[in-house]
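A structural walkthrough
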Amino acid sequence: MTVHPATAKAKAEHAGETYFFCCSGCAQKFLAHPEEYLKPRSSAAGLVTLGTKQVQVAPTSTARHTNSAQDMYVCPMCAEVRESKPGPCPSCGMALEPERPKALTKTEYTCPMHPQIVRSEPGNCPICGMALEPRTVTAVEEENPELRDMTRRFWWSMTLTAPLLAIAMADMLRGMPMQPALPKGWLAWIELLLATPVVLWGGLPFFQRGWTSLLNRSTNMFTLIAIGTGVAYVYSLVATLVPSIFPASFREMSGRPAVYFEAAAAIVTLVLLGQVLELRARSQTGAAIRALLNLAPKTARVLRNAKEEDISLDQVKVGDRLRVRPGEKIPVDGIVLEGHSSVDESMITGESVPVEKAEGGRVIGATVNSSGSFIMQAEHVGSETMLAQIVKLVGQAQRSRAPIQRLADKVAGWFVPAVIAVAVVTFIAWALFGPEPRFAHAIVNAVAVLIIACPCALGLATPMAVMVGTGRGAHAGVLIKNAEALETLEKVDTLVVDKTGTLTEGKPRVVSIKTREAFSEDDLLRALASLEQGSEHPLASAILVAARERSLSMATASDFHSYAGRGITGNVEGKLVVAGNEALFADHSVLLDRLWDEAEECRARGQTVIFVAIDQHAAGLVGIADPVKPSTGAALDELGKEGIGIAMLTGDSWATASAVAREIGIPEFEAEVLPEKKSEAVARLQKQGRIVAMAGDGINDAPALAQANVGIAMGTGTDVAIESGSITLVKGDLAGIVRARKLSRATMKNIRQNLFFAFIYNSIGVPIAAGILYPFFGLLLSPIFAAAAMSLSSVSVIANSLRLRKVKL
């Protein structure tokens, strides 16, 4: 395997060299007798022996370990060739490479309604009885064994239930045509024969889960189904086997008690249909993660040993040089070394306009190279890429619980016992006061109450919406860390923003050059850039970039001096160049003259001014500013229309902060605020009763992000600070906050709709099933229709949640 310094578990120093190891045991063995392990092998140049292992130290200080006693070697061209020792391939002659071990991943299973339930094997949730799902979504949708089993049971049950219903319906016609067509008593036995496989085999999972719920003292939907179908079937079975035990008032015109085999079988069949539809719908909630996983290309074109070859994506290493051609997906995160192109990053950042990439530009894996060919260097591979981080974050968010879920949990905790109590009351009321046959009516209505009441819809209302909503956000560049943040963002009334990197681009640029008559802009900029080559100040890079953009050739500076807080001096082509502030000019007796007024104008526009003098004469000044992001103004306007107050916190000077605030229309700001003081400013706003969201770059703003009700980290390029805030914006501008706000409102609206449907459904369905309409309209709800309604309730909640996939952000 490859041991990289960033992931090494141990390292050791010897003879001025650093060696990296996969474990501390190897490092200790090496340190005990380093001379023995550093004996060169004649058969493999560059390899040294470490016990039974071979170690090759690469120029990047990356050590490669290969266990010669266990590892196999394969040919990169002829996959079927596997040898126990390194050497040439017997088929094509290429050097054999160590076989890459397949990753051993342990799949964990969890409940979609109760994410705290985690099991190492598939099964059923001990709380709600639902089938457990894999916590990790794979790129290819795997066959669901639960769906396969329920589908098989449904079709067999449907085959037997159809004739059973036909017989029961025919027997309801005038004259009961089925009764005289068969010997006396045969009809009940035929129904028993058809219903028994459906109830006992088709409904077996429901009885098992219902029994488990009783053992765990956690009643759920399957408790109600098992009791309802069990009562209907057992009553009908007894009425068929020993009809004489029932009094005459229980019997119909045929002289036998009424049986409800068709109701029990139909309930099981309809519940199976509901399970099939629900499982299919639930599988679509993972479509967002699968779509993200499928964004990654399968191969990469690597440049090695003066030739190009296609390799699988998992073979790409940090530092590899990769060629990306027009129309291809960028394989991993990295930096452009040669060439230029425009890249479509919409699938990661949500930005629809292609982004121009030139030498030095950073590119994101899985984005599409629209035009142009370039060579890039891999910087993040495997689980370190932005795509991998996004997938991980979305998976975590989909398993988190929103605070609004607590209401559903409390109701669900009392729901099933309450429904059982209502069913008992219904049975007693119909048995005492209902029409004849009272006992039969009592059983039918009690069963209808048990079947129609479905707590599953109530439990699925929130988690289904969260799963779909967070997946939709990921495709728009909005990464939600937990469901609580998604819920709270809707309530936010104040947004606190950092200036640098949030409102502005975070990359200072030369925006103005003012010169005296004797000097041109190019002369002044060339002299200043030549001098700044020896400076490490952040503003120096802006000056050098401006000089390169004008294709100015810089000279070598000598006698360079830096004066802290004032500026720098040096000789450029025999001329003394002074660059800095007024104090440095005063030290060198250089007069500012009219440059002072021009400097004040630049500062009023938020620029940092550098005065430049050449041979004791004021040559001019350079104004440097951090430009406001193009999307900032429109985003602030839209947030303002929603009634959100905007406040800016920055460590910059008051003059610069005032200029930026004035430019983009922020009335409330604080300047010269240290990072540790920003959290105090957020706390002051919270004490005023405001619900605060803080948006920052995720590094020096971390305390404020943690203090805020919702922390929003501005991700930039391939550096996504996931741990810094509860929400991360991949693109890193305020337009992402607008999208996040829309997503929060849409998701919470969807959750409320789901809860409303679930509550209203049960509030109306249970009384109707109990027979509340019978005294007024003579209407009763058949258990068969109750089962159909119950099954569709869960499916309707999931279908409503899936609408979030199409919400416009």
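Residues numbered from 1 in each chain as written. Predicted model: local features only at pLDDT ≥ 70, side-chain atom pairs only at ≥ 80, totals over all residues. Heavy atoms only, no water.

**A few points about the overall build of the protein**
Definition in use: Where helices and strands are cited, they refer to DSSP runs of H or I of at least four residues and of E of at least two residues respectively, numbered from the N terminus. Remark: exposure states derive from per-residue accessible area (1.4 Å probe, protein chains only) relative to the maximum for the residue type, with buried under 20%, exposed over 50%, and partly exposed in between. Contacts are assigned to residue pairs with any non-hydrogen atoms lying within 4.5 Å of each other. Per-residue and other accessible areas follow the Shrake-Rupley method at a 1.4 Å probe size, with only the shown protein chains counted as cover for residues.
Counting its secondary structure elements, the protein contains 27 helices and 34 strands. By residue count, 49% of the 809 residues in the protein fall in the buried class. Sequence separation of 24 or more characterises 63% of the internal contacts of the protein that already satisfy a separation of 6 or more. Carbon and sulfur atoms provide 58% of the accessible area of the protein, an area that totals close to 38,200 Å².

**Overview of the packing of aromatic side chains**
As a reminder of what qualifies: In summary, the pairing rule links any two rings of Phe, Tyr or Trp, Trp by its six-membered ring, whose centres are within 6.5 Å, and it sorts them by plane angle into stacked for under 30 degrees, edge-to-face for over 60 and tilted for everything else. For a lysine, the NZ atom is tested; for an arginine, the CZ atom; a charge sits over a ring if that atom is within 6 Å of the ring centre and within 35 degrees of the ring normal.
Within the structure shown, the criterion is met by 6 aromatic pairs. Measuring from ring centre to ring centre gives 5.9 Å for F206 and F222, while their planes differ by 20 degrees; the resulting arrangement is stacked. With F206 in helix α6 (residues 204-215) and F222 in helix α7 (residues 221-241), this pair connects stretches of sequence that are 16 residues apart. The pair formed by F206 and F222 is uniform in burial state, with each residue classed as buried. Lying over the aromatic face of W201, R153 brings its terminal NZ or CZ to 4.9 Å of the ring centre. Cation over ring: R209 sits above F222, and NZ or CZ is 4.9 Å from the ring centre.

**Describing the nonpolar core**
To keep it simple, the criterion reads: Nine residue types can take part in a nonpolar core, namely buried Ala, Val, Leu, Ile, Met, Phe, Trp, Tyr and Cys, and a core is a set of them joined through side-chain atoms within 4.5 Å.
Counting 66 residues, the largest nonpolar core has L495, I712 and I727 as its most contacted members. The contact partners of I712, leaving out residues within four places of it in the chain, are L489, A693, M694, A695, G696, L705, I727, L729 and I737. By size, the runner-up hydrophobic cluster in this structure holds 55 residues, among which are A232, A239, A263 and A440.

**Some points on helix α25 (residues 734-770)**
Threshold: An expected span of 1.5 Å times one less than the residue number is assigned to each helix.
When the terminal C-alpha atoms of α25 are compared, their 54 Å separation across 37 residues agrees well with the 54 Å that a helix rising 1.5 Å per residue should span. One or two positions beyond α25, positive phi appears at G771, with a value near 100 degrees.

**Concerning the confidence of the model for the protein**
As a reminder of what qualifies: Each residue carries a pLDDT score, the predictor's own confidence in it, on a scale running from 0 to 100.
The share of residues in the protein with pLDDT of 70 or more is 78%, and the mean pLDDT across the chain is 78. Confidence, read as mean pLDDT per element, is least for strand β6 (residues 63-67) in the protein (35) and greatest for strand β15 (residues 321-324) (91). Below pLDDT 50 for its whole length, residues 40-70 participates in 69 contacts with residues either more than four positions away or in separate chains. With pLDDT under 50 throughout, residues 100-105 is counted as low confidence; its partners more than four residues away or in other chains account for 3 contacts.

**Describing the packing of helix α5 (residues 186-202) against α6**
Convention followed: Every angle, taken between N-to-C directions, lies between 0 and 180 degrees, and every axis is a line fitted to C-alpha atoms, over only the stretch in contact when it is a helix. Any angle between 65 and 115 degrees counts as roughly perpendicular, while under 35 counts as roughly parallel, over 145 as roughly antiparallel, and the rest as oblique. When residues are sorted by character, Ala, Val, Leu, Ile, Met, Phe, Trp, Tyr, Cys and Pro go into the nonpolar class, Asp, Glu, Lys and Arg into the charged class, and all the rest, Gly among them, into the polar class.
Running from N to C, α5 and α6 point in directions that differ by 45 degrees, and their axes come no closer than 5 Å. As summarised for this structure, α5 and α6 are arranged oblique, according to the angle between their axes. Residues V199, L200, W201 and G202 of α5 pack against L204, P205, F206 and F207 of α6. In the contact of α5 with α6, the residues fall into 7 nonpolar, 1 polar and no charged.

**Considerations on unusual backbone geometry**
One non-glycine residue with positive phi stands out, namely E573, at about 55 degrees. Mapped onto the secondary structure, E573 falls in the loop between β26 (567-572) and β27 (575-580). Non-glycine residue S589 carries a positive phi angle of around 55 degrees.

**Quick look at the packing of helix α21 (residues 632-641) against α25**
Contact geometry for α21 and α25: axes closest at 8 Å, N-to-C directions at 30 degrees. Compared by their axis directions, α21 and α25 come out roughly parallel. Side by side, α21 and α25 meet where T632, A635, L636, E638 and L639 of the first sit next to L734, A735, I737, V738 and K742 of the second. Of the residues that constitute the contact of α21 with α25, the class distribution is 7 nonpolar, 1 polar and 2 charged.

**Points about the pattern of salt bridges**
Just so we agree on the cut-off: Salt bridge criterion: a side-chain nitrogen from Lys or Arg within 4 Å of a carboxyl oxygen from Asp or Glu.
If you walk through the whole model with that rule in mind, you get 24 salt bridges. With a closest N to O distance of 2.8 Å, E308 and R301 form a salt bridge. With a relative accessible area of 31%, E308 lands in the partly exposed category. Here the residues in one salt-bridge network are R301, E308, D310 and R323, joined through shared partners.

**As for the sheet that holds strand β21 (residues 374-380)**
Within a beta sheet, neighbouring strands are joined by backbone hydrogen bonds and run either parallel or antiparallel to one another. Put simply, the rule is: We treat two strands as partners when DSSP finds at least two bridges between them.
Strand order in this open sheet of 6 strands is β14-β13-β15-β21-β16-β19, and the pairing throughout is antiparallel. Sheet topology places β14 (307-312) and β19 (362-363) at the edges, where each strand pairs with a single neighbour. Summarising the sheet, strand β13 (residues 299-304) and β15 pair through 3 bridges and their orientation is antiparallel. Within the sheet, the bridge partner assigned to R301 lies in β15 and is R323.

**Re a nonpolar patch on the surface**
Short version of the rule: Patches were defined on residues exceeding 30% relative accessible area and lacking a salt bridge, with like-charge contacts within 9 Å and nonpolar side-chain contacts (Val, Leu, Ile, Met, Phe, Trp, Tyr) within 5 Å.
Where nonpolar side chains cluster on the molecular surface, the patch consists of W189, L241, V242 and I245 and spans about 390 Å² of accessible area. Mapped onto the elements of the fold, W189 is located in helix α5.

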